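Chain and residue survey
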There are 2 protein chains.
Amino acid sequence: MTSERTSIGVDVGGTTIKCALVPADGRLLHHLSIPTEATSGPEVVLTRIAEAIASVVSKVSRSERAAITGVGIGVPGVINNRGEISYPPNFPGWGVVPVAKRIAPLIAGAFEERTPPIAVENDANVAALAEARAGAGLGAPHFLYVTLGTGVGGCVISDGRIWRGETGGAGEVGHLSVDLNGRPCNCGSRGCVEAYIGQRYMTAIAAERLRETSHSTLHAMLADGAELQPSLIDRAASAGDTFALEFLEEMGEILGAALASALNLLDYRLVVAGGGMSRSETLLRATERSMRARVLRSIGDAAELRPARFLNDAGVIGAAMLAR
Amino acid sequence: MTSERTSIGVDVGGTTIKCALVPADGRLLHHLSIPTEATSGPEVVLTRIAEAIASVVSKVSRSERAAITGVGIGVPGVINNRGEISYPPNFPGWGVVPVAKRIAPLIAGAFEERTPPIAVENDANVAALAEARAGAGLGAPHFLYVTLGTGVGGCVISDGRIWRGETGGAGEVGHLSVDLNGRPCNCGSRGCVEAYIGQRYMTAIAAERLRETSHSTLHAMLADGAELQPSLIDRAASAGDTFALEFLEEMGEILGAALASALNLLDYRLVVAGGGMSRSETLLRATERSMRARVLRSIGDAAELRPARFLNDAGVIGAAMLAR
């Protein structure tokens, strides 16, 4: 008896490692989450990743195990052309680590015969791949993926595949500058789109603006103990708060300007937006309007912004797609 | 007797068509220039292109003719994925024209046996290819090419080849916006780098600034009948004129900001600058300084701006490289 071909996807986050067996349709089988223990250093994290994989493998039948084509791992850092992660920002104690090479011997025991090939990629690239193969980019060979979360990251998909640039770091939408004399960005430059749309930056700008006006329902929400963050602003906007609506429209104007520049440079038409704030219809509508108004006429109304299909599962699904 | 393998390059400009036989080392053999007669419409221009090719072919020996691997043609417009040019801006009366298909029968008579394959590409892409194969990008698999001329165009070179994007229009460096509320650009957007660095725009900004100061040797140069244009400003800067120096430094700051955004998105390190103003050391030095100060730390000092090797011959040489 032969089983359907599947692969294992692993999403290594700063706090949890998620792992599942993923068939072609993108379902998650034997899904599990365990703590990353990032503060304990690379040896512990690599062992935890291997344990997660072994745990999923232990749950499948022998024929299902034989049908596993590979293991894909998404990690929060750039993977260079030698397959190494270099100093991932949220993982203390990591230098340059060849993740696949280090994981292979740790999972060999879990597989009876041969250990399947292991592929490792950056988490934004992996999430983009999930959209390309089974999500909002399905059927579109070329698109730009942008994540709207703590930071603003992204990935260039070309001919259905991750386009890595020179060293694996392509797609840094967050560091397109929309104003060369604009707000200082953590990266050292000015006016980067992340310096407006990144979670902490957006929150700080909103806090500044709220100090200048008493006309927003956000004041009451904050007095009730709510925490000021982009999702709260979106909630206020959805409830009709004019301040929140205008604020998100301004943020969309900025994001749309950056995306228009990117589409012009890449000669692309589609942007897929993932991450928490991709669920803000107000932000996405304003972004698409700004983007369409600014792209070259050769792109024009074909410019389109779609919310990602996957949110929390993008990492596991995309990682599994790496190993197909 | 076998001859060295060569190809024919054709550079179709708004006023002249240049054509030559080009061996691997990039020399131009039997080089000729004829008027394009662009105002006479596509039939005449296509005939002129064929005449130029036939004229070069007529000058070579039979064995040399047999060693011609192909004909490459660079044209001032985007070539779509079907090999057609669509409404080239400076060619009145052209709609959608499949250039290679139309040229093939017109040059069949010039070749004794088979007509070699014909490749057609946009002129900025072709100039970038010349740099990739025989110029400032030799040995660099990935770089961004930017032309500093009437407009600001460009090309993305990936793995030594032209990266065309979705429809052949990738590399529009000129329409990266450096200020979402900046100067209006002819494309309909605001703050595009072309709206500062494009020849007419740069001249207009300099003229505005000159009206505000009497302290520049440019006033005397203009009174002597010189025409205000970027090359004159560069001449004044080279002679130590403070106004001209500061002006070009400001332009370099702007161009560098746009290039930094592009390098961040592409994860590239090298920019090769062609076109007339690539000969301005003042502009290039200021541009590189701004670019390096603004790129992500993962790129950092590896960011480099090189002047193109080829200036007026880039089109013919690059077109010939298309046909290898």
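The present account deals with the structure reproduced in this document. Predicted model only: the values in this text are computed from it and were never measured.

A word on the environment of A:Gly165
Mapped onto the fold, A:Gly165 is located in the loop between β10 (161–163) and α5 (194–197). It is 9.9 Å that separates the C-alpha atoms of A:Gly165 and A:Cys155, two residues lying 10 residues apart in sequence. Among residues more than four places away in sequence, those in contact with A:Gly165 are A:Ala170, B:His142, B:Leu266, B:Asp267 and B:Tyr268.

Structural notes on the sheet that holds strand β7 (residues 118–122) of chain B
All names here are of chain B. The mixed open sheet is built from five strands, whose spatial order is β3-β2-β1-β4-β7. In this open sheet, the two edge strands, each paired with only one partner strand, are β3 (29–35) and β7. Neighbour to neighbour, the strand axes of the sheet diverge by 15° on average, direction disregarded. Contacts from helix α1 (residues 42–58) reach β1 (6–12), β2 (16–23), β3 and β4 (68–75) within the one sheet, and its direction differs from that of β2 by about 35°. Those strands touched by helix α11 (residues 314–322) are β1, β2, β3, β4 and β7, and its axis lies near 130° from that of β1.

Quick notes on the relation of the copies chain A and chain B
Aligned on chain B, chain A shows an RMSD of 0.1 Å; the corresponding rotation is 180° and the shift along the axis is 0.0 Å. Expressed as a symmetry operation, the mapping of one chain copy onto the other fits a two-fold axis. In terms of proximity to the rotation axis, the leading residue of chain A is A:Asp179, whose C-alpha is 2.1 Å off the axis. Mapped onto chain B, 100% of the interface residues of chain A are again interface residues, and the two copies thus contact each other with one and the same surface.

Quick word on the packing of aromatic side chains
Applying the stated criterion across every chain, the model contains seven aromatic pairs over all chains. Each ring, one from A:Trp163 and one from B:Tyr268, has its centre 5.9 Å from the other, and the planes form 40°; the classification is tilted. Here the residue A:Trp163 occupies a position in strand β10, and B:Tyr268 occupies one in the loop between α9 (242–266) and β11 (270–274), the pair thus bridging two chains. Judged by relative accessible area, which is 0%, B:Tyr268 ranks as buried. Seen from their ring centres, B:Phe243 and B:Phe247 are 6.2 Å apart, and the 10° between their planes marks the pair as stacked. In this pair, B:Phe243 and B:Phe247 both sit in helix α9, four residues apart, roughly one turn of the helix. When its relative accessible area of 14% is taken as the criterion, B:Phe243 is described as buried.

So, unusual backbone geometry
A positive phi angle, near 50°, is found at A:Asp159, a position not held by glycine. Along the chain, A:Asp159 turns up in the loop between β9 (152–158) and β10.

Digging into the environment of A:Gly93
Residue and element names in this part refer to chain A. Its place among the elements puts Gly93 in the loop between β5 (85–86) and β6 (96–97). Classification of Gly93 by relative accessible area gives exposed; the value is 68%. Put simply, Gly93 and Val44 are 49 residues apart on the chain and 11 Å apart in space, counted from C-alpha to C-alpha.

Considerations on the nonpolar core
Counting 111 residues, the largest nonpolar core has A:Leu144, A:Leu148, B:Leu144 and B:Leu148 as its most contacted members. Each residue touching B:Leu144, except ones within four places of it in the same chain, is listed here: A:Leu265, B:Cys155, B:Val156, B:Val173, B:Leu259, B:Ala262, B:Leu266, B:Tyr268, B:Leu270, B:Val271 and B:Val272.

Comments concerning the interface of chain A and chain B
Contact with chain A, which involves 40 residues of that partner, is made by 40 residues of chain B. Taking both partners together, chain A and chain B bury about 3,400 Å²; carbon and sulfur atoms supply 55% of that area. Joining chain A to chain B, the criterion identifies zero salt bridges. Where chain A touches chain B, the interface holds 24 residue pairs in polar contact (both at pLDDT 80 or more). Broken down by secondary-structure element, the contributors of at least two residues to the side of chain A that touches chain B are α9 (242–266) and α10 (281–294) of chain A. If one sorts the elements of the side of chain A that touches chain B by residue count, α9(A) sits on top with eight residues.

What counts, and where the lines are drawn
- Residues numbered from 1 in each chain as written.
- Chains lettered and ligands numbered in written order.
- Predicted model: local features only at pLDDT ≥ 70, side-chain atom pairs only at ≥ 80, totals over all residues.
- Heavy atoms only, no water.
- Helix = DSSP H or I, 4+ residues; strand = E, 2+ residues; numbered from the N terminus.
- Contact = heavy atoms within 4.5 Å.
- Pairing = 2+ DSSP bridges.
- Axes fitted to C-alpha atoms, helices over the stretch in contact; angles between N-to-C directions.
- Least-squares fit on C-alpha atoms with pLDDT ≥ 70 in both.
- Phe/Tyr/Trp six-rings, centres within 6.5 Å; stacked < 30°, edge-to-face > 60°.
- Buried < 20%, exposed > 50% of the residue type's maximum accessible area, 1.4 Å probe, protein only.
- Core = buried A, V, L, I, M, F, W, Y, C linked by side-chain atoms within 4.5 Å.
- Buried area = accessible area lost by both parts, 1.4 Å probe.
- Salt bridge = Lys/Arg side-chain N within 4 Å of Asp/Glu carboxyl O.
- Polar contact = N/O pair within 3.5 Å; in protein donor to acceptor, adjacent residues only side chain to side chain.

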